Number of protein chains: 2
Amino acid sequence: MTKRKIKPAFKLWFQIGEDYVFGEGAYKLLEQIRNKKSISAAAKTAHMSYRYAWARIKEIEEHLGESIVKTQKGGKQGGKTEITEAGLLLLTNYKRLKELMTEMCKIT
Amino acid sequence: MTKRKIKPAFKLWFQIGEDYVFGEGAYKLLEQIRNKKSISAAAKTAHMSYRYAWARIKEIEEHLGESIVKTQKGGKQGGKTEITEAGLLLLTNYKRLKELMTEMCKIT
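Trainee: Sorry, what's going on with the relation of the copies chain A and chain B here?
Mentor: A rotation about some axis, followed by a shift along it, carries one copy of the chain onto the other. The two copies are related by a screw operation: chain A maps onto chain B through 180° of rotation and 0.0 Å of translation along the axis, at an RMSD of 0.0 Å. What the superposition gives is, in effect, a two-fold axis relating one chain to the other. Closest to the rotation axis within chain A is the C-alpha of lysine 11 of chain A, separated from it by 2.6 Å. Of the residues that chain A buries at the interface, 100% are likewise interface residues in chain B, meaning the two copies contact each other through the same surface.

Next up, the structure:
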């Protein structure tokens, strides 16, 4: 009998108490907002509707008790959205942990 | 605004291709079989029916193409079940990886 190729997999998320707050979908969205400075462009790339993306952001902010994005209205090119320091912290912590876990799965 | 306590959480499993093979439930079951040398006693501790435990074991063995437990029938105290080398490998790899990931979550 040949031993079949078995490999580890995982799902990572952040929670407050027992409440799910932030996972892979929100991570991808937030990363795209950082890159594209626009929620609608980010939502498109993350394959979400603008409405859903916006609702997810508001939900996360409510959980955290602080903003993760800030939008400047107007200007020459219209509104521009940036992620806040809290948003960046969430993003980088998730990314780092995911990368570490992925590495560990490779060496197992 | 106070920053609320946000913490990482994860779910770990082993898969072959895209098929789920082994996760937390099976890990607990297998660990108990190692301790108790009995599937029925292990199932009880892991809060599973004997029938379900047995089906899970068979399912995992089918995925792997090898046995993870072996039962010796008869003897003074009736049948005794031990985990095989393949079962032990699965158990220890899962446990080690879970512990490493748990540690990483703590330091994030």
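Picking up where we left off.
Trainee: Hey, could you run me through the packing of helix H1 (residues 24-36) of chain A against helix H4 (residues 85-107) of chain A in this one?
Mentor: Packed helices, taken two at a time, are described by their axes: the angle between them and the distance between them. Residues and elements named next belong to chain A. Two numbers describe how H1 lies on H4: the axes approach to 10 Å, and their chain directions differ by 120°. Comparing the axis directions of H1 and H4 gives the class oblique. Helix-helix and strand crossings are classified by hand; for H1 and H4 the assignment is left-handed. Residue-level contacts link Glu24, Tyr27, Leu30, Glu31 and Arg34 of H1 to Gly87, Leu88, Leu91, Tyr94, Lys95 and Lys98 of H4.

Trainee: Could you clarify how one ought to interpret the interface of chain A and chain B in this entry?
Mentor: Interface extent is often summarised as the accessible area lost during association of the parts. In this assembly, 33 residues from chain A lie in contact with 33 residues from chain B. Summed over both sides, the interface between chain A and chain B buries roughly 2,900 Å², with carbon and sulfur atoms accounting for 66% of that surface. Considering only the surface of chain A that becomes buried against chain B, Arg4, Ile6 and Met104 of chain A emerge as the three largest contributors, covering 19% of it. Seen at the junction of chain A and chain B, the total is 0 salt bridges. For the pair chain A and chain B, the number of links is 5 residue pairs in polar contact (both at pLDDT 80 or more).

Trainee: Is there a simple way to explain the packing of H1 of chain A against helix H3 (residues 50-64) of chain A in this structure?
Mentor: All names here are of chain A. For the pair H1 and H3, interaxial distance at closest approach is 11 Å and the crossing angle is 105°. As judged from the angle between their axes, H1 and H3 are roughly perpendicular. Taken together, the residues of H3 that come into contact with H1 (itself represented by Ala26, Leu29 and Ile33) are Ala53, Arg56, Ile57 and Ile60. Residue composition of the contact of H1 with H3, grouped by class: 6 nonpolar, no polar and 1 charged.

Trainee: Could you clarify how one ought to interpret the packing of aromatic side chains in this entry?
Mentor: All names here are of chain A. Tallying each qualifying case throughout the model produces 12 aromatic pairs over all chains. Ring plane angle 10° and centroid distance 6.4 Å describe the contact between tyrosine 50 and tryptophan 54, whose orientation is recorded as stacked. Of this pair, tyrosine 50 and tryptophan 54 both sit in helix H3, 4 residues apart, which is roughly one turn of the helix. Classification of tryptophan 54 as partly exposed rests on a relative accessible area of 33%. The structure contains a cluster of three or more aromatic residues connected by ring pairs, namely Phe14, Phe22, Tyr27 and Tyr94.

Each value, and the rule that gives it
- Every chain is numbered on its own, with residues counted from 1 as its sequence reads.
- Labels follow written order: the first chain is A, the first ligand is 1, and so on.
- pLDDT decides what is reported in this predicted model: residues at 70 or higher carry local features, side-chain atom pairs at 80 or more are listed and counted, and totals for whole chains, interfaces and linings draw on all residues regardless.
- Values shown for side chains rest on all heavy atoms present in the structure; no hydrogens or waters enter the calculation.
- In this comparison the copies share one frame, found by least squares on the C-alpha atoms of residues holding pLDDT of at least 70 in both.
- In this analysis, two residues are considered to be in contact whenever any of their non-hydrogen atoms come within 4.5 Å of each other.
- Angles run from 0 to 180 degrees between N-to-C directions of axes, and those axes are lines fitted to C-alpha atoms, restricted for helices to the stretch in contact.
- Each helix corresponds to a stretch of at least 4 residues labelled H or I by DSSP, and each strand to a stretch of at least 2 residues labelled E; elements are numbered beginning at the N terminus.
- Every angle not falling under 35 degrees, over 145, or within 65 to 115 is termed oblique; those three ranges are roughly parallel, roughly antiparallel and roughly perpendicular.
- Less than a right angle of anticlockwise turn of the near helix away from the far helix marks a crossing as left-handed, whereas a clockwise turn marks it as right-handed.
- Buried area counts how much accessible surface, traced with a 1.4 Å probe, disappears from two parts once they are put together, with both parts' losses summed.
- Here, a salt bridge means any side-chain nitrogen of Lys or Arg that lies within 4 Å of a carboxyl oxygen of Asp or Glu.
- Counting of polar contacts relies on pairs of N or O atoms within 3.5 Å, with two restrictions inside protein: one atom must be capable of donating a hydrogen and the other of accepting it, and residues adjacent in sequence are counted only when both atoms are side-chain atoms.
- Polarity classes work like this: nonpolar for Ala, Val, Leu, Ile, Met, Phe, Trp, Tyr, Cys and Pro, charged for Asp, Glu, Lys and Arg, and polar for all others, with Gly in that last group.
- Ring pairs shown here join Phe, Tyr and Trp side chains whose ring centres sit within 6.5 Å, with only the six-membered ring taken for Trp; geometry is labelled stacked below 30 degrees between planes, edge-to-face above 60, and tilted in between.
- Accessible area is worked out with a 1.4 Å probe on protein chains only. A residue is then buried under 20% of its type maximum, exposed over 50%, and partly exposed in between.

Interpretation note: all reported values are geometric properties and have no functional meaning in isolation.
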